[in-house]
Amino acid sequence: MTSLCRTVSIIASFLPCIVSADSFLVKDGQPQAEIVIAEKPARTVKIAATELQTYLQKISGARLPVVTTPSGNGVAIHVGKSLHTDKLNLTDEGLLHGAFRMVSGDKWLALLGRDRDHTPREPWPHTAADNARVLREWDAMTGEKWGMDMNLTQAFKMHNKELDVWEQDERGSLNAVHQLLRELGVRWYLPGEIGEIVPKHASIALPVVDKTVRPDFALRYPYQYGKRFSGKTEETLWQLRLGLNQAPDLIGPGYIAHGTNYVHMRPEVMQAHPEYYTLVNGKRDTADRGKPCLSSPGLLAQNVKYVQAMYDKLDIPVVSVMPADGYTAMCECDLCKGKETPERGGFGRFSDYGWAYMNGVAKELMKTHPDRKIICMAYGATVLPPTKIDKLSPNIVVCIAQSRSSFQEKEKREWITDLRRDWLAKIPAGGAQLCVYEYYLHPREERAHAFIPVYFPHAIAEDLRALKGNSLGDYIEVYRAKDLDTFGVNALNLYVTTRLWWDSSLDVDAMIDEYCNDMYGPASAEMKAFIAHGEAKWMDMLSSPESITETFALLAKAQAKAPADSFYAKRIALVADYIQPLVARRDQMLRNAGRENARTVRVSDRDGSKIKIDGVLDEEIWGKLSGYQQGDLLDCTTGKAARDKTRMGFFWHDNSLYFRIRCDDRDLKKVNVAGKQKDDPRILDGDHVQLLFETQSHAFYQIAIDPAGHVLDVDHAGGSAKPAWSAGAEIAASQGDGFWTVEIRLPVAGDMQEAVDALNGVSGRKPAGTYPWYFNITRQRTRGGVTERFAFSPTDKPDFLEPAKFGRMNGYLPKGQAWEDEKKKRLEAKEAGVKPD
């Protein structure tokens, strides 16, 4: 790569002391040392030796040989444990969770940590297709019909074949090598050449050093979407350089959450034991994997048996026990009556109920496996500690779900502090059995803050300092898209986190200064101002066009300072490309003044692969939409309920929106179909429904469908109708006994579709909290000269084409109601002078 030089003063601050004038690893570009490893080293020791060799050559031009026996000529750099380190009385004993030693003497330097090769235990899937075999063998081993842990079914993704390294390989010596290289000024901010900083030095002195480095947090794992070790080697190397640790001995090798799913997820269990599932409106909820009845003694017994099998058959030290995601409906069976605590709000309404179950499983396991543990999450409606359990069973590891980016809000910071204090009081082992489940998911397209420059390094630093000694560490979901797409902003957050995991006392401002100097060079000051603006204002950008304008003005100053085609310019471009959709958001906000109280729905992902677009609406999924995903049409002018009911519903699948519309009609035999063919404008004269929608980048489109299935689609952008436009939608209508229905699959082609082909396809992207669609679904019914009009969002007049009256289609909302309720409850308690529950 083209190396980037730091100033001499900066480099000097990283260089350790010199033993003597002739003690060099490299002198005047010539090798003065050799890298020594064992005859049969651990896998990661081989990588460590190669990394040291590669980067010392990049720094100095000198290539040091890698040997198994020192020649006696020059300095011996011992990497990893070997007979030679044994002779020096150096050991890796006690160097847990990636800790390492760096020690030097006369003509030698040792970089040593605990290195262990991971060997996956059968049955494990060697490919995705191999999971069927694994499940068969799991069934045979257990005699049950349980699922297999999600993480274990992805074991093949955790191995990089080119490097022959597993994510779970212990790699203390590699951490030591990377620390030495960091002290020489090397930095890895992003995967690949674009994120690498390597200073130039003709000479590198042998350091005087004798230190043991232990991380502040044992658990240091960012689960980066789509970036497991089986992917690109440069990505795997970058992750190795971050000094991460999955800590399977502390939290288990399986997925940390929703472990109870595997007990009840299979159809055989659903059929044999309906009593395991939540009773809602007289029916057991077996949709998807099912929602469990946590009062079921049979389910608890099976959960205990499942965990015992994980202990005994797969030798797993810690297993997840936690109910399914989306657990929002209280079971209505007799056993569950009176167990909900709604007075504790959205974060605590199931706490006593859920933790009684998890603690019950733990207590049974203590009888048979007191040396093993389970991990349970404080999540959703079970975030608050239970009030009816004084102390949890000592074999429970508690993992608190949180989002530290929100801790810039003073009330949220105070709340999380109190929450951790209360949880620590419930855990016999305190912080030794507490960890954090974090979310760095802001770049995810459907999230509320997608495309906003969400920087929060100071919140990260403050939080990790508060957690030191009170937590094992972090498991973080980090959103990553293809290559470095969407990562231009979040890279700084992750970098700061990974360094603070090792030493939470580091100066975060100094890290930001260094990051800006290294990454942006001549645009350093401008990018530092941009980052500071993002950190201070990102929450405001949801509602402030002025803040967005200022964001782009600051970035433009940085772009002007960076030489074209330089790495500096390319790194700024990663940020600029990521936030570009903010322009459309700003324009949409300016255009949408007055829509603050629009009727709102929320799009969610569903599996639409089995839907046949025939207008019949007989697929099971249409009957299982949530209240957020459907609604009745009202009188277009008065807003009152209609005599002939019209109900719509929708969901997102595979870059398409799916809609269903059912129109009840008391006199369907006289249905008025005025159109004769596709794009016949007379469709609008008779009975029909319309889908009117404005995407993030286009305002607006119109699609009308009559009961005979005739379709008229029109683009109204710029205020003029363009009937030549085609949505490319798949649409069908059907008529039943007293009703007619419409089914639609609407492909969404991306923001650039209009530029690519203005007459075909929908320009836009998936609706999100920050980047919503505005829409209306309307119906016209004509009989005997009388016209009735209905709309999801009434227009206050007998006219559908009123974009100012469109409803809003959100994704994730910026703030959950649970937090707003909790904040109100805490304020009321404070005013009353009592401790909030």
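Just above sits the structure.
Because the structure is predicted, anything quoted here is derived from the model rather than measured.

### Looking at the pattern of salt bridges
Alright, step 1. All chains considered together, the criterion is met by 60 salt bridges.
Alright, step 2. Glu-196 is the partner of Lys-58 in a salt bridge, and the nearest nitrogen-oxygen pair spans 2.8 Å. Residue Lys-58 is located in helix α2 (residues 43–60), and its partner Glu-196 is located in strand β14 (residues 196–197); the two are separated by 138 residues in the primary sequence.
Alright, step 3. You can call Lys-58 partly exposed: its relative accessible area is 26%.
Alright, step 4. Judged by its relative accessible area of 5%, Glu-196 is buried.
Alright, step 5. Salt bridges here are not isolated pairs; linked through shared partners, they connect Asp-644, Asp-665, Arg-666, Asp-687, Arg-779, Arg-781, Arg-783 and Glu-788.

### Observations concerning the sheet that holds strand β6 (residues 75–79)
Picture the strands of a sheet paired through backbone hydrogen bonds; they go either parallel or antiparallel.
Alright, step 1. Strand order in the open sheet formed by six strands is β5-β4-β6-β8-β7-β17, and the pairing between neighbours is mixed. Edge positions in the sheet fall to β5 (66–67) and β17 (210–213), since each has one partner strand and no second.
Alright, step 2. Here α2 sits on the sheet and contacts β4 (33–36), β5, β6 and β8 (108–113); the angle it forms with β6, its principal contact strand, is near 140°.

### Considerations on the layout of surface pockets
Alright, step 1. Quantified by volume, the second largest pocket comes out at close to 770 Å³.
Alright, step 2. Lining the second largest pocket are 37 residues, and of these His-118, Gln-168, Pro-248, Asp-249 and Pro-253 sit closest to its centre.
Alright, step 3. Elements represented by at least two residues in the lining of the second largest pocket include exactly α5 (150–153), β12 (170–171), α6 (172–183) and α8 (248–251).
Alright, step 4. Here the lining of the second largest pocket is built from residues that sort into 16 nonpolar, 10 polar and 11 charged.

### Some points on helix α11 (residues 297–314)
Alright, step 1. Over its 18 residues, α11 extends 25 Å from the first C-alpha to the last, a length consistent with the 26 Å expected when each residue adds 1.5 Å.
Alright, step 2. Along α11, the residues that are buried comprise Leu-299, Gln-302, Asn-303, Val-304, Tyr-306, Val-307, Gln-308, Ala-309, Met-310, Tyr-311 and Leu-314.
Alright, step 3. In this structure, the buried residues of α11 make contact with α4 (131–142), α5, α9 (261–264), β21 (318–320), α12 (351–368) and β22 (373–378).
Alright, step 4. Where α11 terminates, the next one or two residues include Asp-315, which has phi positive at roughly 55°.

### Structural notes on the environment of Gln-224
Alright, step 1. Mapped onto the elements of the fold, Gln-224 is located in strand β18 (residues 219–224).
Alright, step 2. A C-alpha to C-alpha distance of 11 Å links Gln-224 and Phe-487, two positions 263 residues apart in sequence.
Alright, step 3. For Gln-224, the contacting residues outside a window of four places in its chain are Glu-235, Trp-238, Gln-239, Val-478, Arg-480, Phe-487 and Leu-494.

### Some remarks on empty space enclosed by the protein
A probe matching the size of a water molecule, rolled over the atoms, marks out where space remains unfilled.
Alright, step 1. Per the counting criterion, the structure on display carries eight cavities of 30 Å³ or more.
Alright, step 2. Estimates place the volume of the largest cavity at around 100 Å³.
Alright, step 3. In terms of lining residues, the largest cavity is bounded by 13 residues, among which Glu-167, Tyr-221, Phe-229, Gln-239 and Gln-246 are the most central.
Alright, step 4. At four residues, β18 tops the list of elements feeding residues into the lining of the largest cavity.
Alright, step 5. For the lining of the largest cavity, the per-class residue count stands at five nonpolar, four polar and four charged.

### Some remarks on the state of the cysteines
Alright, step 1. Throughout the structure, instances matching the rule amount to zero disulfides.
Alright, step 2. Left unpaired, Cys-331 is separated from the closest cysteine sulfur, that of Cys-333, by 3.6 Å.
Alright, step 3. The structure places no disulfide on Cys-636, whose sulfur is separated from the nearest cysteine sulfur, that of Cys-663, by 14 Å.
Alright, step 4. Taking relative accessible area as the criterion, Cys-636 reaches 1% and is therefore assigned buried.

### Here we look at the sheet that holds β21
Alright, step 1. Pairing is parallel across the open sheet formed by six strands, whose spatial order is β18-β25-β24-β23-β22-β21. The two strands at the open ends of the sheet, each matched to only one other strand, are β18 and β21. Within this sheet the neighbouring strands show an average axis-to-axis angle of 25°, counted without direction.
Alright, step 2. Bridge count between β21 and β22: three bridges; the pairing is parallel. Counterpart to Val-319 in the pairing with β22 is Ile-374.
Alright, step 3. Relative to β21, α11 is tilted by about 145°, and along the sheet it contacts β21 and β22.

### Some remarks on the side chain of Thr-741
Alright, step 1. Residue position: Thr-741 is located in strand β35 (residues 739–747).
Alright, step 2. Among the polar contacts listed, one links the side chain of Thr-741 to the backbone oxygen of Gly-615, at a separation of 2.4 Å.
Alright, step 3. Contacts of Thr-741, omitting those with residues within four sequence positions, involve Gly-615, Leu-617, Ile-661, Arg-662, Ala-732, Ala-733 and Ser-734.

### What about unusual backbone geometry?
Alright, step 1. The amide bond that connects Glu-122 to the next residue, Pro-123, takes the cis arrangement and shows omega of 0°.
Alright, step 2. Among the secondary structure elements, Pro-123 is positioned in the loop between β9 (115–116) and α4.
Alright, step 3. Look at the link from Ala-699 to Phe-700: it is a cis peptide, with omega at -5°.
Alright, step 4. If you trace the backbone, Phe-700 turns up in the loop between β31 (688–694) and β32 (701–705).
Alright, step 5. Phi at Lys-107 takes a positive value of approximately 70°, unusual for a residue other than glycine.
Alright, step 6. Following the sequence through the fold, Lys-107 ends up in the loop between β7 (100–105) and β8.
Alright, step 7. The exposure class assigned to Lys-107 is partly exposed, which follows from its relative accessible area of 33%.
Alright, step 8. Its identity as a non-glycine residue notwithstanding, Asp-565 has a phi of 65°, on the positive side.
Alright, step 9. With respect to the helices and strands, the residue Asp-565 is situated in the loop between α18 (545–561) and α19 (567–579).
Alright, step 10. Relative accessible area serves as the criterion here: at 70%, Asp-565 is assigned to the exposed category.

### Observations concerning the pairing of strand β30 (residues 656–664)
Alright, step 1. In terms of residue burial, β30 counts as a mostly covered element, since seven of its nine residues are buried.
Alright, step 2. Taken together, the eight bridges between strand β29 (residues 646–653) and β30 define a ladder with antiparallel strand orientation. What sits directly across from Met-648, in β30, is Ile-661.
Alright, step 3. Between β29 and β30, which pair antiparallel in sequence order, lie two residues; one of them, Asp-654, sits at a positive phi of approximately 50°.
Alright, step 4. Both β30 and β35 contribute to a ladder of nine bridges, which runs antiparallel. Along β35, the bridge assignment pairs Phe-659 with Ile-744.

### Notes on the side chain of His-159
Alright, step 1. Position of His-159 relative to the elements: it lies in strand β10 (residues 159–160).
Alright, step 2. His-159 sits in the buried class, given a relative accessible area of 17%.
Alright, step 3. For His-159, the side chain forms a polar contact with the side chain of Asp-164, separated by 3.0 Å.
Alright, step 4. Ignoring anything within four residues of it in the chain, the contact list for His-159 reads Asp-164, Val-165, Trp-166, Phe-229 and Ser-230.

### A word on the nonpolar core
Alright, step 1. One finds Leu-52, Ile-77, Val-79, Leu-111, Leu-181, Tyr-520 and Phe-530 to be the most contacted residues of the largest nonpolar core, which totals 106 residues.
Alright, step 2. Contact partners of Leu-52, with chain neighbours within four places excluded, come to Ile-35, Ile-77, Val-79, Leu-111, Val-177, Leu-180 and Leu-181.
Alright, step 3. In this structure, Ala-218, Tyr-311, Tyr-357 and Tyr-439 belong to the second largest nonpolar core, which totals 82 residues.

### Remarks on the environment of Ile-512
Alright, step 1. With respect to the element layout, Ile-512 can be found in helix α16 (residues 508–520).
Alright, step 2. Residue Ile-512 is classed as buried on the basis of its relative accessible area, which comes to 6%.
Alright, step 3. C-alpha separation for the pair Ile-512 and Ile-531, spaced 19 residues apart in sequence, amounts to 8.9 Å.
Alright, step 4. When sequence neighbours within four positions are dropped, the list of residues in contact with Ile-512 reads Pro-457 and His-458.

### Examining the packing of aromatic side chains
Alright, step 1. On inspection of all chains with the given rule, the structure shows 33 aromatic pairs.
Alright, step 2. Considering the side-chain rings of Phe-347 and Trp-415, the 5.1 Å spacing of their centres and the 35° angle between planes classify their relative orientation as tilted. Taken together, the positions of Phe-347 in the loop between β21 and α12 and Trp-415 in helix α13 (residues 410–426) put the pair 68 residues apart, joining distant regions of the chain. Grouping residues by exposure puts Phe-347 and Trp-415 together as buried.
Alright, step 3. Relative to Trp-725, the ring of Tyr-701 has its centre 4.4 Å away and its plane inclined at 15°; by these criteria the two rings are stacked. Of this pair, Tyr-701 sits in strand β32 while Trp-725 sits in the loop between β33 (711–715) and β34 (730–735), placing them 24 residues apart in sequence.
Alright, step 4. On the basis of relative accessibility, which here comes to 2%, the residue Tyr-701 falls in the buried class.
Alright, step 5. The rings of Tyr-221, Tyr-255, Tyr-437, Tyr-439 and Tyr-475 are connected pair by pair, giving a single aromatic cluster.

What counts and what doesn't
- Residues numbered from 1 in each chain as written.
- Predicted model: local features only at pLDDT ≥ 70, side-chain atom pairs only at ≥ 80, totals over all residues.
- Heavy atoms only, no water.
- Salt bridge = Lys/Arg side-chain N within 4 Å of Asp/Glu carboxyl O.
- Helix = DSSP H or I, 4+ residues; strand = E, 2+ residues; numbered from the N terminus.
- Buried < 20%, exposed > 50% of the residue type's maximum accessible area, 1.4 Å probe, protein only.
- Pairing = 2+ DSSP bridges.
- Contact = heavy atoms within 4.5 Å.
- Axes fitted to C-alpha atoms, helices over the stretch in contact; angles between N-to-C directions.
- 1 Å grid on protein atoms, 1.4 Å probe; cavity = no way out; pocket = protein on both sides within 12 Å on 5 of 7 lines; lining within 4 Å.
- Points joined across faces, edges and corners; volume = space filled by probe spheres on them.
- Nonpolar A, V, L, I, M, F, W, Y, C, P; charged D, E, K, R; others polar.
- Expected span 1.5 Å × (residues − 1).
- Disulfide = S-S within 2.5 Å.
- Polar contact = N/O pair within 3.5 Å; in protein donor to acceptor, adjacent residues only side chain to side chain.
- Core = buried A, V, L, I, M, F, W, Y, C linked by side-chain atoms within 4.5 Å.
- Phe/Tyr/Trp six-rings, centres within 6.5 Å; stacked < 30°, edge-to-face > 60°.

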